[in-house]
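# Descriptive analysis of the structure
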Amino acid sequence: MQDVKNQVVVVTGAASGIGAEVAVALAERGAVVVVVARDGRVDEAVAFVKGRVTGAVVEGVACDVSSKASIATACAEIVRRHPQVKLLVNNAAVFHAERKTSVDGLELGFAVNTLAPFLMTRGLETALIAGKGRVVHMTMKQATAMSFTDPQTSKAKYVPLDVLKRTKAGSIYLTRAM
């Protein structure tokens with residue numbers, strides 16, 4: 001792992017699970033960790049990391065990663081605070097038993113699993129370039145081909161695991177396009 005001591009790292013989906021553990025691991029290595037979580041979970045995410053790592057430098061930024069406007073606001077706030085970012089970990093993800101839509105009217109899995117990592121990366125691009133940063137998209141080995149004719153699963157039968165696999169694959173496609 002590259003040296004992140006005193007470097008700014010951003011972790012989405014940091015309120016629980018893998019995101020929280022990634023934030024802890026980076027804090028243990030001396031990084032300045034910016035945890036990105038839904039409003040109402042930011043304080044919990046910050047407290048979790050500080051509770052596990054004595055002396056951790058952790059900040060929180062609220063963001064609904066299913067909302068394009070919220071992502072833009074969060075990225076602007078992060079760049080304002082930190083003009084240089086060493087690492088962005090796009091970890092936030094959703095998995096639902098039934099089709100749901102975001103505030104932007106997008107299928108929720110597509111909004112969070114596919115579009116959000118792309119928008120977070122683009123929103124932090126200047127800070128990542130200035131910090132000679134890297135981007136990690138958390139995805140899955142079992143990702144399957146995304147449907148370019150129905151990326152939001154509005155026509156096909158909604159099969160939750162298939163949707164998760166396709167929307168995670170979408171993140172890979174957009175990463176390659178960057």
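Residues numbered from 1 in each chain as written. Predicted model: local features only at pLDDT ≥ 70, side-chain atom pairs only at ≥ 80, totals over all residues. Heavy atoms only, no water.

### A closer look at unusual backbone geometry
Put simply, the rule is: Under the scheme used here, helices are H or I runs from DSSP no shorter than 4 residues and strands are E runs no shorter than 2 residues, and both carry numbers assigned from the N terminus. For every residue, the accessible area obtained with a 1.4 Å probe (protein chains only) is divided by the maximum for its type, and the residue is called buried under 20%, exposed over 50%, and partly exposed between those limits.
Here Asn6, not a glycine, exhibits a phi torsion of approximately 65 degrees, which is positive. Looking at where Asn6 falls in the secondary structure, it is placed in the segment before β1 (8-12). Classification of Asn6 as exposed rests on a relative accessible area of 59%. The backbone of Lys132 sits at a positive phi, close to 50 degrees, despite the residue not being glycine. Mapped onto the fold, Lys132 is located in the loop between α5 (125-130) and β5 (134-137).

### A look at the side chain of Asn90
Filter applied, for reference: In this description, contact between two residues means that some pair of their heavy atoms is separated by no more than 4.5 Å.
You can see Asn90 is positioned in strand β4 (residues 87-90). Contact partners of Asn90, with chain neighbours within four places excluded, come to Thr12, Pro117, Met120, Thr121, Val135, Val136, His137 and Met138.

### Here we look at the nonpolar core
Inclusion rule: By convention a nonpolar core is built from buried Ala, Val, Leu, Ile, Met, Phe, Trp, Tyr and Cys residues, the set being connected through side-chain atoms within 4.5 Å.
Counting residues in each nonpolar core, the largest one holds 23 residues, and the members touching the most others are Val10, Val65, Ile71, Ile78, Val85 and Leu124. Listed by contribution, the elements that provide at least two residues to this core are β1, β2 (32-37), α3 (68-81), α4 (108-123) and α5. Ranked by size, the runner-up nonpolar core spans 22 residues in total, among them Leu26, Ala37, Ala45 and Ala56.

### What about helix α1 (residues 17-28)?
Counted only if it meets this: In this analysis, the expected span of each helix is defined as 1.5 Å times one less than the number of residues it contains. It is the directions from the helix axis to the C-beta atoms that the arc portrays.
Taking 1.5 Å per residue, 12 residues should reach 16 Å; α1 reaches 17 Å between its end C-alpha atoms and fits that length. Listed in full, the buried residues belonging to α1 are Gly19, Ala20, Ala23, Val24, Leu26 and Ala27. In a view along the axis of α1, the buried residues occupy a sector of 165 degrees, so they form one face of it. Every exposed residue of α1 that faces more than 90 degrees away from the buried side is listed here: Ile18 and Glu28. On its buried side, α1 packs onto β1, β2, α2 (42-52) and β4. Note on α1: the residue one or two positions beyond its end, Gly30, has a positive phi of about 85 degrees.

Don't take any of this as a statement about function, it's just geometry.
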